[in-house]
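The chain contents come next:
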Amino acid sequence: MTMNRTLSVLVLLLCSLMAKAQVVRVVDQDDQRPLEGVVITGDDPASARATDARGRAAIDGLTGDTLTFTALGYADMRMPRTALASGEAAVTLHALPFTLREAVVSVNRWEQGAERVPDRITVMRPRDVALYNPGTAADMLQRSGEVFMQKSQLGGGSPMIRGFAANRLLIVVDGVRMNNAIYRAGNLQNIISMDANAIERAEVVHGPGAMTYGSDAIGGVMDFHMLRPRFSQDSSLLLRGGAAARYGSAANEFGGHLNIGLGGRRIAFAGSATFNRFGDLRAGSIGPADYRRPWSVETVNGVDSMVMNVDPDLQLGSGYDNINLFGKLAFHPVDALEIGLNVYHSTTSDVPRYDRLIELRPSGTPRSAEWYYGPQEWTMGALTVKHTAARGPWSTARLSVAYQSYAESRNDRNFRNTSLRTQAEQVTGVYVNLDMERELGRRGQLFFGGEYVTNEVTSTGRRVDQVTGEETVINSRYPDGSTWSTGSVYVGAMFDATERFTLTAGLRFNWSALDCMFDTTLFPYPATTTSLSNTALTGNLGLVYRPGTDWKFALDLSSGFRAPNIDDIGKVFDSEPGAVIVPNPDLAPEHAYSAELGVEKVVTDHVRLRGSGYYVLLDNAMVRRPFSLNGQDSILYDGEPSRVDAIQNAAQATVVGCMIAVEARLWSGLGLDLRLNWQDGVEQDDDNTTDVPLRHSPPPFGSAGLSWQKGRVRARLFADISDGFSYDDLPPSEQAKTAIYAKDANGDPYAPSWYSLNLNGSYQVNKVLLVSAGVENITDQRYRPYSSGISAPGRTFTVGLRASF
């Protein structure tokens with residue numbers, strides 16, 4: 001008996017060792033990084049395994065002499081089982097240069113194959129961040145060559161997509177909308193609250209996304225997915241993380257980043273922290289002299305003085321700091337249920353409003369001695385629940401209940417005036433999303449769910465004398481205590497009618513309401529209270545036709561809308577010298593109708609051609625128009641005679657455009673890429689008698705580059721390009737912003753065309769360490785992207801160091 005027990009123990013130990021030996025690790029052939037989500041199958045597809053965050057998977061239990069390794073974007077690999085008998089066999093997969101098979105999430109909130117989706121989607125990944133070392137998420141999107149970025153100051157970035165920007169674009173973070181009740185029609189800087197170093201994937205949906213996301217998704221949706229917790233597939237602790245440091249010479253900027261992840265079988269955590277410091281930005285030396293900074297304001301012996309800048313290419317008063325933090329805790333009590341708790345926080349230092357600091361009065365003296373945004377603080381806490389079911393009303397359901405708090409302030413003081421005006425706002429709100437997916441056999445999926453959002457706005461105004469300390473209450477930017485709410489339900493479907501045809505369709509019903517109370521003791525509002533309640537029905541219809549695995553034709557018909565928010569109806573502010581915007585209590589939603597035709601062709605896996613053309617009609621558009629307040633078309637505001645304007649449903653706008661992209665892998669790792677974007681946007685003028693250029697429709701722009709990748713080395717030499725606008729091509733509102741534009745021969749403002757030549761490269765030293773470096777704007781051009789108030793960086797040397805484990 002003793003001998004039999006001993007033999008049994010030895011057999012069990014031997015089996016255990018053999019079981020342990022049946023582990024594979026799958027990595028990318030070029031940079032050796034582990035690949036997560038690779039599906040491994042044997043003879044029985046039902047027993048397939050998937051690799052974890054370390055690229056590992058146990059293959060014991062898989063039957064058959066040959067195993068198949070499959071991953072989106074990679075060539076399938078078939079290996080005999082005998083080649084995987086070592087302790088931890090390594091399998092390398094070869095990335096396909098181009099393929100129509102790619103997973104996207106943003107269109108229906110669930111992962112879909114890109115070959116089935118009719119929408120045009122731009123995707124940015126961590127490897128793009130590692131190559132370009134962007135300082136902010138705005139810089140990251142700009143590098144795509146498909147999103148135009150406007151900047152009023154260094155601490156910002158306002159994307160323009162298909163002729164629309166600001167509150168006509170939607171920002172989504174891990175499934176929760178970031179847009180709130182005070183998102184404005186002007187340029188927004190909220191995208192810098194996203195941490196480019198902690199993004200797992202960023203997708204930009206071009207065109208209306210209202211069926212899936214509701215209000216504001218007119219021009220497009222920017223969907224950010226931050227690093228997520230990973231669970232261990234066995235009893236071992238899954239430990240992973242990374243660190244990064246970067247430096248850029250143009251703004252003497254430096255940044256540091258740290259992330260860590262811990263995963264057990266049931267509990268997992270992911271956290272990230274990033275700090276960036278930007279000094280004053282240096283512009284290029286070759287370009288319009290109008291973009292130089294020949295003077296600044298300094299307070300000498302208590303008196304504001306106009307001081308000459310000895311280095312006019314240094315844009316004094318543009319630097320700022322930025323901090324981004326988040327943590328995610330996930331709990332897996334059973335295989336079908338995952339519960340998550342996520343916390344996010346982002347803040348900045350004071351951010352100088354550079355375009356206001358360069359304005360001059362007609363007398364030739366500076367308009368402002370100080371003009372800066374206070375810290376832009378965004379905090380979100382979210383509870384998420386995800387459930388999968390084999391049967392029932394849903395296959396997968398996801399519930400998110402989030403709380404957000406957002407704070408901003410505007411602080412300005414006129415030249416040689418001791419009084420500092422501060423208008424501060426805080427928005428708090430609850431955001432509830434329920435999204436469900438139901439598999440309809442092997443060919444179809446049903447998507448349905450709802451959303452509810454409620455915001456409360458706190459707004460204050462004060463003026464403080466910087467000498468005496470005397471404080472005076474002034475009118476706030478928004479009605480204090482205002483509330484804004486929106487709710488919606490939606491249903492959509494995706495169905496593969498045949499192997500070649502995929503149909504998508506959906507409807508969304510939306511409701512929105514707001515309440516404002518106006519304090520007439522400080523400003524002569526036309527009413528003491530106002531309430532609005534609106535509804536809207538939006539939808540989409542799409543068709544994708546695939547003649548073969550290398551062709552894709554897509555037709556997308558969709559509609560979008562934007563409901564009036566507190567910024568539209570209750571704001572009082574001076575958008576430019578001599579003009580003031582006042583509330584309009586009679587606003588209604590604006591609606592967009594879009595049609596897009598796209599085509600994509602992959603030639604022998606080495607060339608990809610993409611093109612799309614689109615048309616957008618914005619009806620009942622909320623636009624700024626001359627208005628009257630108590631019968632007057634002008635008032636005295638902040639001591640200055642000002643024309644009265646208001647946001648009104650007073651126009652139609654149209655945008656027609658196209659995008660062309662060519663990508664090729666030539667030979668020996670050499671690649672070529674080209675992206676061109678053209679659009680023409682117009683809206684009705686103040687009298688609705690003729691069309692004028694649309695403010696957020698930029699000139700033609702794009703990028704062209706040569707890339708090279710060989711083993712652990714990756715490099716790209718590329719040019720960013722943009723056409724310009726003559727004075728007559730500028731929208732009327734831009735023609736009035738003389739301080740930010742160059743002057744033509746007649747002394748009128750215009751936007752010159754520009755280019756920048758750039759070189760970025762990276763080297764994977766080992767599986768832990770990656771080094772990157774670059775030279776941007778090699779020829780030191782002095783240029784300013786359309787509508788921007790600050791010039792782009794001059795010649796910049798960048799260096800970055802990244803470690804991951």
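The structure reproduced in this document is the subject of the present report. A quick note: this is a predicted structure, and the numbers were derived from the prediction, not measured.

1. Notes on empty space enclosed by the protein
Right, so step 1: Under the defined criterion, the tally for this structure stands at eleven cavities of 30 Å³ or more.
Right, so step 2: In this model, the largest cavity occupies a volume close to 570 Å³.
Right, so step 3: D139, Q142, K151, E776 and P793 are, among the 35 residues lining the largest cavity, the residues nearest its centre.
Right, so step 4: Sort the elements by how many residues they give to the lining of the largest cavity and strand 50 (residues 754–764) lands first, with three residues.
Right, so step 5: Residues that form the lining of the largest cavity fall into these classes: 15 nonpolar, 13 polar and seven charged.

2. Some words on the nonpolar core
Right, so step 1: Ranked by size, the top nonpolar core spans 79 residues in total, and within it M140, L141, M222 and F224 carry the most contacts.
Right, so step 2: Counting residues per element, this core draws most heavily on strand 41 (residues 607–626), at six residues.
Right, so step 3: Beyond its immediate stretch of four places on either side in the chain, L141 contacts M124, V147, M149, I191, V204, M222 and F224.
Right, so step 4: Counting 17 residues, the second largest nonpolar core, distinct from the first, contains I59, L67, L84 and L93.

3. Thoughts on the side chain of S215
Right, so step 1: Within the element layout of this structure, S215 appears in the loop between helix 4 (210–213) and strand 17 (220–226).
Right, so step 2: Overall, S215 belongs to the buried group, its relative accessible area being 3%.
Right, so step 3: Among the polar contacts made by the side chain of S215, one reaches the main-chain amide nitrogen of A563 at a distance of 3.1 Å.
Right, so step 4: Discounting residues that sit within four places of it in the chain, S215 has contacts with L170, R177, N510, F561, R562 and A563.

4. What to know about the sheet that holds strand 13 (residues 164–165)
Right, so step 1: Reading across from one edge, 11-12-13 is the order of the three strands in this open sheet, with antiparallel pairing throughout. Whereas interior strands pair on both sides, the edge strands pair on one side only; in this sheet they are strand 11 (148–150) and strand 13.
Right, so step 2: Two elements, strand 11 and strand 12 (residues 158–161), share three bridges in a ladder whose sense is antiparallel. Bridging across to strand 12, Q150 finds its partner in S158.

5. Points about the packing of aromatic side chains
Right, so step 1: Evaluation of the coordinates by the stated rule reveals twelve aromatic pairs.
Right, so step 2: Between F254 and F275, the ring centres sit 6.4 Å apart and the planes meet at 55°, which makes this aromatic pair tilted. Placement of F254 in strand 19 (residues 253–263) and of F275 in strand 20 (residues 267–278) is noted, with a sequence separation of 21 residues between them.
Right, so step 3: We classify F275 as partly exposed; its relative accessible area is 28%.
Right, so step 4: Cluster of aromatic residues (ring-pair linked, three or more members): F501, Y545, W551 and F553.
Right, so step 5: Directly above the aromatic system of Y614 lies the positively charged group of R162, at a separation of 4.0 Å from the ring centroid.

6. A short note on the sheet that holds strand 17
Right, so step 1: Reading across from one edge, 10-16-17-14-15 is the order of the five strands in this open sheet, with mixed pairing throughout. The sheet is open, and its two edges are formed by strand 10 (120–124) and strand 15 (176–177), each paired on a single side.
Right, so step 2: As judged from the five bridges shared by strand 14 (residues 169–173) and strand 17, these two strands associate in the parallel manner. Each bridged residue has a counterpart across the sheet, and for V173 the counterpart in strand 17 is F224.

7. Details of the pairing of strand 30 (residues 396–414)
Right, so step 1: The pairing of strand 28 (residues 368–373) with strand 30 spans five bridges and is classified as antiparallel. Paired with Y373 across the bridge in strand 30 is R410.
Right, so step 2: Pairing of strand 29 (residues 377–388) with strand 30 involves twelve bridges; the strand directions are antiparallel. Pairing of G381 across the sheet is with Y403, part of strand 30.
Right, so step 3: Summarising the sheet, strand 30 and strand 31 (residues 419–440) pair through 17 bridges and their orientation is antiparallel. Note on strand 31: the bridge partner recorded for S405 is T428.
Right, so step 4: Here strand 30 hands over to strand 31 after four residues, with R416 in that stretch at a positive phi of 55°.

Quick notes on the rules
Residues numbered from 1 in each chain as written. Predicted model: local features only at pLDDT ≥ 70, side-chain atom pairs only at ≥ 80, totals over all residues. Heavy atoms only, no water. 1 Å grid on protein atoms, 1.4 Å probe; cavity = no way out; pocket = protein on both sides within 12 Å on 5 of 7 lines; lining within 4 Å. Points joined across faces, edges and corners; volume = space filled by probe spheres on them. Helix = DSSP H or I, 4+ residues; strand = E, 2+ residues; numbered from the N terminus. Nonpolar A, V, L, I, M, F, W, Y, C, P; charged D, E, K, R; others polar. Core = buried A, V, L, I, M, F, W, Y, C linked by side-chain atoms within 4.5 Å. Buried < 20%, exposed > 50% of the residue type's maximum accessible area, 1.4 Å probe, protein only. Contact = heavy atoms within 4.5 Å. Polar contact = N/O pair within 3.5 Å; in protein donor to acceptor, adjacent residues only side chain to side chain. Pairing = 2+ DSSP bridges. Phe/Tyr/Trp six-rings, centres within 6.5 Å; stacked < 30°, edge-to-face > 60°. Lys NZ or Arg CZ within 6 Å of the ring centre and 35° of its normal.

Any functional reading would require information beyond the geometric quantities listed.
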